[in-house]
Structures are given as C-alpha cells and as structure tokens.
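Architecture and fold: a report
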Amino acid sequence: MVARGLRALRGALRAAAAARRFSTRPARAPAMGYQDAIRTLNTLQTNASYLEQVKRERGDPRAQLEAMRGFLERSGLQVEDLDRLNIIHVTGTKGKGSACAFTECILRSYGLKTGFYSSPHLVQVRERIRINGQPISKELFTKYFWLIYNRLEETKDLAHTSMPAYFRFLTIMAFHVFLQEKVDLAVVEVGIGGAYDCTNIIRAPVVCGISSLGIDHTSILGDTMEKIAWQKGGIFKPGVPAFTVVQPERPLAVLRDRARERECPLYLCPELDAFEGDGRALELGLAGAHQRSNAALALQLARTWLQRRGPQGLMELKEVPLEAEPSGRPVPLAPTFQPSAAMTRGLRDTEWLGRTQVLPRGPVTWYLDGAHTTSSIQACIRWFREAALNQDKPHDGSEVRVLLFNATGDRDTVALLKLLVPCHFDYAVFCPNFTEVPAANNADQQNFNVTLENALTRCLENQRTWTQLLEEKGGQDLWLPAPLRAGGLLQPAPARGSLLLLPPALRPLNSPALVFPCLAQALRWVAQGRDPRLPPPGAHPHPAVSSGAVLLREAATVRVLVTGSLHLVGGVLRLLDPALSQ
C-alpha cells in the first residue's frame, strides 16, 4: 500500500528531489562568506546510500579514532593541545544535552568563560559551538570554518586524500574555537556512543558524566542496554572521576566493570532531593520531572570541575555526612553538599531550546520536546500531561489536541506511537523534517543523509501505524466514532500547490491521521491563521482537511505536541520563531 502511494507521489516530488541532489565537491572557487561556509560544510555530509554502505562494511572502530587524530593534526592541533581546554566530557542516551546545558550554566554563573559543544543543532549549525551560552557569531563561524577547511585542503597528499565528515569537521572546529578564544573550560557532548565517537580523542578530561541509558542507535551501538553501556563507558579515563545517574542493574554493572578496567573512579549521583534540605526546593530552568536527574548529574560535574580546576577561593562547599551505605552497592554514592548561590542560579537560569519547551500563541499552544526513544517519550508524555492536559478545560469544552510527529534513523516508531495513543489526540499529523519542499533555500536545515522519498515513506508508514493503533483501541477517540479502514491507495489529494496524503477511509470527515510533505504546510493547517507567526493555509478541497480546519478554527484551545525528533523540533522552531534564523 505504501509503495503504491509513493509511486503516485514521484511525479510531484521529482523536481524537489532533484533540487536536493548530493554533491561531494564544493564550488570550484568558493566565496568566503557565511552562507558559502554552510554550503561547503554540507558537502561533507554523507549521502544516504553511502551511509548504508558504511553500515554494511563498517571497519575497525579504532581506525576511525586514528583517522580523527590524523585530521586534527592536519588542521594544526595535537591531541595534547586539547588538555588545555579543561574538558567536561558527557555521554548518555537521554538527557546528556540537558545535563551539559545545566553544567555549562552553573559554571558560567561563577564568572567563568565557558565553551559548549553539542549536537544536533535545531535551527542554525552555529548552535553546536557556544561561548558563554551563546552560539558563536556568523563572523566567528566563517573565520574558523575557512581557516580549518583551507588547512585540510592544503594538507591533502597521496596518503591523505579525504576531508573529515560533517560531525568530525565541526568537532575539530570547536576545539580550535575554544582554544583560540581562550575559554576557561569546555563542556563537550558525545555525538553517538562514546568509545569510538570522534570526541573521544580527548585524552585528559577533568571529569566525565553519563546520563540515563536507553535503547537508541542500535545499528551502531548494539541492541541491548548492556552493549550500549559498554560503548558509553568508553569515555572513562584513568584517574579521571566519572559520575552517572540511577541506571538499571545490569547496565550499571557494565559501567562499573568498564570503570574498573580503565582505572576510573565512578560514582553514583544522589537524587536531587538530597540537595533540597530544610524545605529549599531547587528551581530548574528546564521543565519535567526527568530533568531532575540531569540537574543532579550537573551538580556533581560542576562541583568536581571546580575542585580540580577552579581558581583558589572561588567556592567553599560543605559536604553533608552520608548515612551508612547499604552493603553490596555496585557503585559508591557521591557525596551530597549544599549547593552554592551560583549553582542554584545556574540551575534556575538554564535554557535549552526544544526540550520541554512551551510556546503559547493565543488559542494555540505549542509543546516542543525532541524525545526520540521509548523512555524519553514516556518522560515527554508525563511532562505534557502536567503542562497541558491537567490545565483547566475551556468552558465550552472545545479543545483540540494535535500530535505532530516524525522519527528518523532506526527508531521503533510503532513503540513510540503506541505510547502516545493514550493522550487522546484528535489529530495526528506526520511530515518530514524539511521546513519547505524543496529545502534547498535554507542551508542550515539541509540534510543529505535522508532523501525526500525515504522521509515520506516513513511518514506514510507512521500514518498507517497510527490508524491501526486507533482501530485496536476501538474507536474511543473524540473524532473517531467508528474504526477507520485504511485499505486502499494512499493518494495525493488534488490541491493548489500543496500535497496532502490521506488514507481513503470510509469516513473521510473523521480521518485522524494526515501526512503533509513539509513542516510549513503542516503548521499552517494546524494553526489555521490563529498563530500570528504563521500565514493562514490555502484552501484545500479534501473533506478531511476542510472539516478539521473548521474544528481547529472554532476551538477555544488548540494544544499541539511536537515530538519524535530533535530535527523536527528544530524545523518547527525555525518557522515559529524566525528570529532564531537571524
């Protein structure tokens, strides 16, 4: 069914796909501006077919780290130079970016000049390299990009003919930026895994952290929590203290064994409650109960950094005596202490876009969270219920709930969508992460790792899954009085310059699952001109679209949960807040 629907799409999408065709070569004589830098950087992305080949023919991961060292040296740095950055190295499956953001903000609250390297970016690639909490300027990005790119081009020879791939290049560039701009410390978030991630050329971090573990990137890291824990524990270094949060028993045992074999002192973070004595609740800048473990990890990372590298007299922390530890604890508990005023301020002032973020726009409220694993989706649902579903209902009862969803990579989207069904969404909208079709007009959002056809195939599969899940649920949803039968072609509806994919349901007026080809069209349909940042949608003849438009226009409240992918959230943010693209 999906394949037949796609055949109907190919003609309409051929021009868009052609506009996104991959090229490995930069312009013959590239200009040296910011947009030229972004376009040239994008040529370092690996196209989708080559990615599949790499997965099939993956070589020795250790050789990948050796290659990274070679690229670093060609750029003009030695691995030993990174020791001067006083690095905090953090990995994990869930919350590692949030833990990094908390840590960076705490240390910045002490007046330190901070560097912060993270991924992915949401709107602009500059977000990945931050100084004092802000993305580096376009001018700085341009300066360092061409410095590194030209050095790597000039050092090509018979033995070194290639350029580093996208993430490797940005990692090398971040190291150069932090060293040249003389930061006091750098918080470095691992890309994927740990042991063989290109950030793991760092040989002497000040402290390491591991946030909550879960199942993700299974084609690279393994399909069990134990295998993933082994990869994450690869960032441990001899004599460098490391901290982790509460983990399932067997993965925690793997982390313990990895720490012992690498002669790394590993500690378990106490819960955040232990730092809130005398009725003092710590205020967090990031919403959601799951952020408390990230904040607890950040407190330990920041405190340890200050003890090992902080200027003399910068702080005094009083440790709280521990009760006798239970016998047989696999990993010793880190000490609790009374957080300083700077720590409290840092936790409160932390901002991290796209994670448990709420954007109220009159009658339409957007709830953004880039959750993309089963456990992080569960945490997202808990936050969404608290932030949205427990709010007072409109007096006339006219509230419409919309799910905007996409997932990428090897995620189990069936499992993710199954978790979201109990939220009782009136509509589920699926679309690729592309802001427009074609997306070539925005270099920061270009992604050559995913073809448009593959992305739409995934959306059609998600639409079918959602419909089947609602059928199994027995038609209990507000706008689904009878089960849908999605038993025919998924066809493009006739439209004026837009494309909508719908199952030919027996009750098209009640179709709860829609697919749009890009985010701009999806958001305009959801907002129906009621969000001042979005233009109203064009007229669309399909009855499911027009009937849904009436409901969305007349509802007193529209609540939209955007989740499943950080790239999706980034595209939504770019459209809802154009200032982020400036």
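Criteria and cut-off values
- Residues numbered from 1 in each chain as written.
- Predicted model: local features only at pLDDT ≥ 70, side-chain atom pairs only at ≥ 80, totals over all residues.
- Heavy atoms only, no water.
- Helix = DSSP H or I, 4+ residues; strand = E, 2+ residues; numbered from the N terminus.
- Buried < 20%, exposed > 50% of the residue type's maximum accessible area, 1.4 Å probe, protein only.
- Areas by Shrake-Rupley, 256 points an atom, 1.4 Å probe, with all protein chains shown as cover.
- Polar contact = N/O pair within 3.5 Å; in protein donor to acceptor, adjacent residues only side chain to side chain.
- Contact = heavy atoms within 4.5 Å.
- Core = buried A, V, L, I, M, F, W, Y, C linked by side-chain atoms within 4.5 Å.
- Axes fitted to C-alpha atoms, helices over the stretch in contact; angles between N-to-C directions.
- Parallel < 35°, antiparallel > 145°, perpendicular 65-115°, else oblique.
- Left-handed = near helix turned anticlockwise from the far one by under 90°.
- Nonpolar A, V, L, I, M, F, W, Y, C, P; charged D, E, K, R; others polar.
- Phe/Tyr/Trp six-rings, centres within 6.5 Å; stacked < 30°, edge-to-face > 60°.
- Expected span 1.5 Å × (residues − 1).
- Arc of directions from axis to C-beta.
- Pairing = 2+ DSSP bridges.

**Focus: the overall build of the protein chain**
Across its full length, the protein chain carries 18 helices and 18 strands. Among the 582 residues that make up the protein chain, the fraction classed as buried is 56%. Carbon and sulfur atoms make up 49% of the accessible area of the protein chain, which amounts to about 24,200 Å² in all.

**Re the side chain of Thr-114**
Note on placement: Thr-114 falls in strand 2 (residues 114-117). A distance of 2.6 Å separates a polar atom in the side chain of Thr-114 from a polar atom in the side chain of Glu-104. Those residues within four positions of Thr-114 in sequence are excluded, and the remaining contacts are Glu-104, Leu-107, Arg-108, Arg-130, Ile-131, Asn-132, Gly-133, Val-183 and Leu-185.

**Here's the deal with the nonpolar core**
Ranked by internal contacts, the top residues of the largest apolar core, which has 44 residues, are Phe-141, Met-173 and Phe-178. Secondary structure elements with two or more residues in this core: helix 2 (34-42), helix 4 (61-74), strand 3 (129-131), helix 6 (138-154), helix 7 (166-180) and strand 5 (185-189). The leading source of residues in this core is helix 7, at 11 residues. Ranked by size, the runner-up nonpolar core spans 38 residues in total, among them Val-187, Leu-284, Leu-299 and Trp-352.

**Focus: the packing of helix 5 (residues 96-108) against helix 11 (residues 291-309)**
It is the contact of helix 5 with helix 11, at a shortest axis distance of 8 Å, that shows an interaxial angle of 45°. The angle between helix 5 and helix 11 places the two elements in the oblique class. Crossing handedness for the pair helix 5 and helix 11: right-handed. Residues Ser-98, Ala-99, Phe-102, Thr-103, Ile-106 and Leu-107 of helix 5 touch helix 11, and the partners they reach there are Gln-291, Asn-294, Ala-295, Leu-297, Ala-298, Leu-299, Leu-301, Ala-302, Trp-305 and Leu-306. Tallied by class, residues from the contact of helix 5 with helix 11 come to 12 nonpolar, four polar and no charged.

**Some thoughts on the packing of aromatic side chains**
Tallied over the entire structure, the rule returns 18 aromatic pairs. Note on Phe-145 and Trp-146: the rings are 4.9 Å apart at their centroids and 85° apart in plane angle, and the pair reads as edge-to-face. As far as burial versus exposure is concerned, Phe-145 and Trp-146 are alike and both buried. Ring centres of Tyr-427 and Trp-525 lie 5.4 Å apart, and the angle between their planes is 85°; on these two criteria the pair is classed as edge-to-face.

**Here's the deal with helix 7**
Its 15 residues give helix 7 an end-to-end C-alpha distance of 21 Å, which sits within 8% of 21 Å, the value for a rise of 1.5 Å per residue. Residue Lys-182 follows helix 7 closely and has a positive phi angle near 55°.

**Here's the deal with helix 14 (residues 413-420)**
Along helix 14, the positions that sit buried rather than exposed are Thr-413, Leu-416, Leu-417 and Leu-420. For helix 14, the arc enclosing every buried residue in end-on projection is 95°, short of the 170-degree limit, so these residues lie on one face. Buried-residue contacts for helix 14 involve helix 13 (374-389), strand 13 (399-405), strand 14 (427-430), helix 15 (452-473) and strand 18 (557-563).

**Regarding the sheet that holds strand 1 (residues 87-91)**
Across the sheet, eight strands lie side by side as 4-3-2-5-1-6-7-8; this open sheet has mixed pairing. Both outer strands of the open sheet, strand 4 (134-135) and strand 8 (266-268), are each paired with one neighbouring strand and no more. Looking at chain direction, strand 2 and strand 3 are connected through three bridges and run antiparallel. Across the sheet, residue Phe-116 finds its bridge partner in strand 3, namely Arg-130. Docked against the sheet, helix 10 (residues 249-261) engages strand 6 (207-210), strand 7 (242-244) and strand 8, running at close to 150° with respect to strand 8.

**Topic: the pairing of strand 11 (residues 357-361)**
What you see with strand 11 is a clean split: Gln-357, Leu-359 and Arg-361 sit on the buried side and Val-358 and Pro-360 on the side with no burial. Remark: two residues form the turn of the hairpin made by strand 11 and strand 12 (residues 364-368), two consecutive strands paired antiparallel; Gly-362 in that turn has positive phi of roughly 65°.

**Quick word on the environment of Arg-108**
Within the element layout of this structure, Arg-108 appears in helix 5. Exposure remark for Arg-108: the relative accessible area of 31% places this residue in the partly exposed category. As for Arg-108 and Met-343, which are separated by 235 residues in sequence, their C-alpha atoms are 9.6 Å apart. Contact partners of Arg-108, with chain neighbours within four places excluded, come to Thr-114, Asn-132 and Gly-133.

**Some points on unusual backbone geometry**
Residue Ser-119 is joined to Pro-120 through a cis peptide bond whose omega torsion reads -10°. Inspection of the secondary structure assignment puts Pro-120 in the loop between strand 2 and strand 3. Phi angles above zero are rare outside glycine, and Asn-86 is one such case at about 50°. Relative to the elements of secondary structure, Asn-86 occurs in the loop between helix 4 and strand 1. Accessibility expressed as a relative area gives 16% for Asn-86, which makes it buried. A positive phi angle is found at Lys-182, which is not glycine, with a value near 55°. Structurally, Lys-182 can be placed in the loop between helix 7 and strand 5.

**Considering the packing of helix 5 against helix 12 (residues 341-349)**
Two measures define how a pair of helices packs: the angle their axes make with one another and the distance between the axes. The geometry of helix 5 relative to helix 12 is characterised by a closest axis approach of 8 Å and an angle of 135° between their N-to-C directions. The angle between helix 5 and helix 12 places the two elements in the oblique class. Between helix 5 and helix 12 lies a crossing of right-handed hand. Of helix 12, the residues touching helix 5 (which contributes Phe-102, Cys-105 and Ile-106) are Ala-342, Met-343, Gly-346, Leu-347 and Asp-349. Looking at the contact of helix 5 with helix 12 residue by residue, the classes come out as six nonpolar, one polar and one charged.

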